[in-house]
Amino acid sequence: EKVKAKMKELVVEKENLKHNLKIINEIISKDKKKAKLIAVVKGNGYGLDLVKYTQFLIDNGVDFFAVATVEEAVALRNAGITQNILMMSSTAVKEDIEILIKNNIILTVGSKEAGEAVEEIAQKLQTKARAHLKIDTGFGRYGFIYSNKEEMVQAIKAWKNIKIEGTFTHFSNAYYDDKYTQIQFQRFMDCIEVLKMNNIETGILHVCNTSAFIKFPQMHLNAVRIGSAFTGRISFKNNMGLRKIGYLKSNVSEIKELPEKFNIGYSNTYTTKKKTKVAIIPCGYMDGVNIETGRDMFRKVDKLRYIVRDIKDAFKKQQLYVNINGQKCPILGRIGTYHVTADITGKNININDEAIFNVSLKHVDSGLRREWK
């Protein structure tokens, strides 16, 4: 029997999501080319629930999706979703390729070896594999190296059972490094020119993730890949009017009064300075509380700021808060695996009162119920 505990769930605000989708569509509609919207639904739909999130977007006019894993692609097909699905990761693993082709998933081919494997499986299945060509313009992950143009052309010309429906690249630091993003873009366009000179069909061209979509309208090309913008949680300040969607909701499970000089949490990092009334809430870092995207995505100056902040935090711990019944309550001590302790001294708070955490949605435990409201 499936347990439906009341104690915690991720709340998804549908109206805010619709609002963000409207803003994104308005930006696209201003383009002369009217770029195709590719909705990226990787990471359990950015934490919103892969199938439910994708179906919501379909109901609101989106018809092209991108995922990061074979499992995500198959889950969508098993849920009855028939729209275009692009698997953004290139693979030379034949078992995975066969599953993707059988499920009518658009593959990404980013190497000679991957192309050969796709050719073999497509021939075996007596079909033409749908694919997007991936070019590595300086990310160091999937894709043909942009400088090895002759090798790329030779590999593609050998394909007989692969239909190229698109070509793309991925920017490594569009959030902050405009200069490098421009360099990557030019590398990509140079490759496209070479492909066309060799009579190779490139299909739709797409380079923009959310950050590039917002910052570089001239790079929209034929399609744009949008992920974090739907959630309103992007890596830099903007004036688009995007709304944050979703929050982690729980309830106060215990209330107690702790004496002066009493330790709270693992490692005894916090000790009460006086009698302190606290609320225990059954949410912790396993639920996504205070878990953020890695620091590797920021500029050098941001990394330096993090180092300075960490040094300061060693002496004075950065204060975190939880909202209980509309009241901002400091979290005391280290966040536990599944629990936090909040200071409610002087506040009118009772057992079972609602507690709300502002969290990064994609880090919320996928096992928690998603409530769409």
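The structure under discussion appears in the preceding block.
Let us look at the structure shown here. (Residues numbered from 1 in each chain as written. Predicted model: local features only at pLDDT ≥ 70, side-chain atom pairs only at ≥ 80, totals over all residues. Heavy atoms only, no water.)

1. Comments concerning the nonpolar core
For step 1, the next point in the chain: In terms of nonpolar packing, the biggest core is built from 98 residues, with L57, F230, I324 and F357 touching the most fellow members.
For step 2, the next point in the chain: Excluding residues that lie within four positions of it along the chain, F357 makes contacts with Y247, L248, I281, C283, V289, V322, I331 and V340.
For step 3, the next point in the chain: Residues I38, F64, A66 and L86 belong to the second largest nonpolar core, which totals nine residues. (Core = buried A, V, L, I, M, F, W, Y, C linked by side-chain atoms within 4.5 Å. Buried < 20%, exposed > 50% of the residue type's maximum accessible area, 1.4 Å probe, protein only. Contact = heavy atoms within 4.5 Å.)

2. Some remarks on the state of the cysteines
Cysteine pairs can be linked by a disulfide, which is a covalent bond between their two sulfur atoms.
For step 1, the next point in the chain: The tally for this structure, following the rule as stated, stands at zero disulfides.
For step 2, the next point in the chain: Of all cysteine sulfurs, the one in C208 lies closest to C191, which takes part in no disulfide; the gap is 17 Å.
For step 3, the next point in the chain: With no disulfide partner, C283 has as its closest neighbouring cysteine sulfur the one in C329, 14 Å distant. (Disulfide = S-S within 2.5 Å.)

3. A few points about the sheet that holds strand 18 (residues 340–343)
For step 1, the next point in the chain: Spatial strand order, 12-15-18-17-16-19-11-1-20: nine strands in an open sheet with mixed pairing. Either end of the sheet is taken by a strand with one partner, and the two such strands are strand 12 (254–258) and strand 20 (370–372). On average, each strand axis in the sheet is tilted by 35° relative to the strand beside it, whichever way the strands run.
For step 2, the next point in the chain: Pairing analysis gives five bridges linking strand 12 to strand 15 (residues 276–281), with the strands arranged antiparallel. Its bridge partner being in strand 15, E257 is matched across the sheet by K277. (Pairing = 2+ DSSP bridges. Helix = DSSP H or I, 4+ residues; strand = E, 2+ residues; numbered from the N terminus. Axes fitted to C-alpha atoms, helices over the stretch in contact; angles between N-to-C directions.)

4. Considerations on the environment of K36
For step 1, the next point in the chain: Positionally, K36 belongs in strand 2 (residues 36–40).
For step 2, the next point in the chain: Through-space distance from the C-alpha of K36 to that of K328 is 42 Å; in sequence the pair is 292 residues apart.
For step 3, the next point in the chain: Within the structure, K36 has its side chain in polar contact with the side chain of D63 (distance 2.6 Å). (Polar contact = N/O pair within 3.5 Å; in protein donor to acceptor, adjacent residues only side chain to side chain.)

5. Structural notes on helix 3 (residues 50–59)
For step 1, the next point in the chain: Within helix 3, the full set of buried residues consists of L50, Y53, T54, F56, L57 and I58.
For step 2, the next point in the chain: Between the side-chain oxygen at the start of helix 3 and the backbone nitrogen of V51 there is a gap of 3.3 Å, and the oxygen is on D49.
For step 3, the next point in the chain: Two residues or fewer past helix 3, G61 is found with a positive phi of approximately 95°.

6. What about the packing of helix 7 (residues 149–157) against helix 8 (residues 178–197)?
For step 1, the next point in the chain: Close contact between helix 7 and helix 8 brings their axes to 11 Å; oriented N to C, the two are set at 45°. What the angle tells us is that helix 7 and helix 8 run oblique. Helix 7 and helix 8 meet at a crossing whose hand is right-handed. Contacts from K149, M152, V153 and I156 of helix 7 reach helix 8 at D190, C191, V194 and L195.
For step 2, the next point in the chain: Partitioned by chemical class, the residues of the contact of helix 7 with helix 8 number six nonpolar, no polar and two charged. (Parallel < 35°, antiparallel > 145°, perpendicular 65-115°, else oblique. Left-handed = near helix turned anticlockwise from the far one by under 90°. Nonpolar A, V, L, I, M, F, W, Y, C, P; charged D, E, K, R; others polar.)

7. Section: unusual backbone geometry
For step 1, the next point in the chain: The phi angle at N44 is positive, at roughly 55°, despite the residue not being glycine.
For step 2, the next point in the chain: Within the secondary structure, N44 is located in helix 2 (residues 42–46).
For step 3, the next point in the chain: Given the relative accessible area of 24%, N44 is considered partly exposed.
For step 4, the next point in the chain: Non-glycine residue N352 carries a positive phi angle of around 80°.
For step 5, the next point in the chain: Tracing the backbone through its elements, the reader meets N352 in the loop between strand 18 and strand 19 (354–357).

8. A closer look at the pattern of salt bridges
For step 1, the next point in the chain: Inspection of the entire model under this criterion finds 13 salt bridges.
For step 2, the next point in the chain: Note that R369 and E9 form a salt bridge whose closest N and O atoms lie 2.7 Å from each other. With R369 in the loop between strand 19 and strand 20 and E9 in strand 1 (residues 8–12), the pair connects residues that are 360 residues apart, well separated along the chain.
For step 3, the next point in the chain: Since its relative accessible area comes to 32%, R369 is described here as partly exposed.
For step 4, the next point in the chain: Note on E9: relative accessible area 7%, which makes it buried.
For step 5, the next point in the chain: Here E116 ties to K112 by a salt bridge, and the two come within 2.7 Å at their closest N and O atoms. Linking E116 with K112, this pair stays in helix 6 (residues 112–124), spanning four residues, or about one helical turn.
For step 6, the next point in the chain: On the basis of relative accessible area, K112 is assigned to the partly exposed category, the value being 38%. (Salt bridge = Lys/Arg side-chain N within 4 Å of Asp/Glu carboxyl O.)

9. Some remarks on helix 7
For step 1, the next point in the chain: Considered for burial, the residues of helix 7 that qualify are M152, V153, A155 and I156. End-on view of helix 7: buried residues confined to an arc of 165°, all on one side of the axis. Among the exposed residues of helix 7, those pointing more than 90 degrees away from its buried face are E150 and Q154.
For step 2, the next point in the chain: Lining the buried residues of helix 7 we find helix 6, strand 6 (129–136), strand 7 (144–145), strand 8 (162–168) and helix 8. (Arc of directions from axis to C-beta.)

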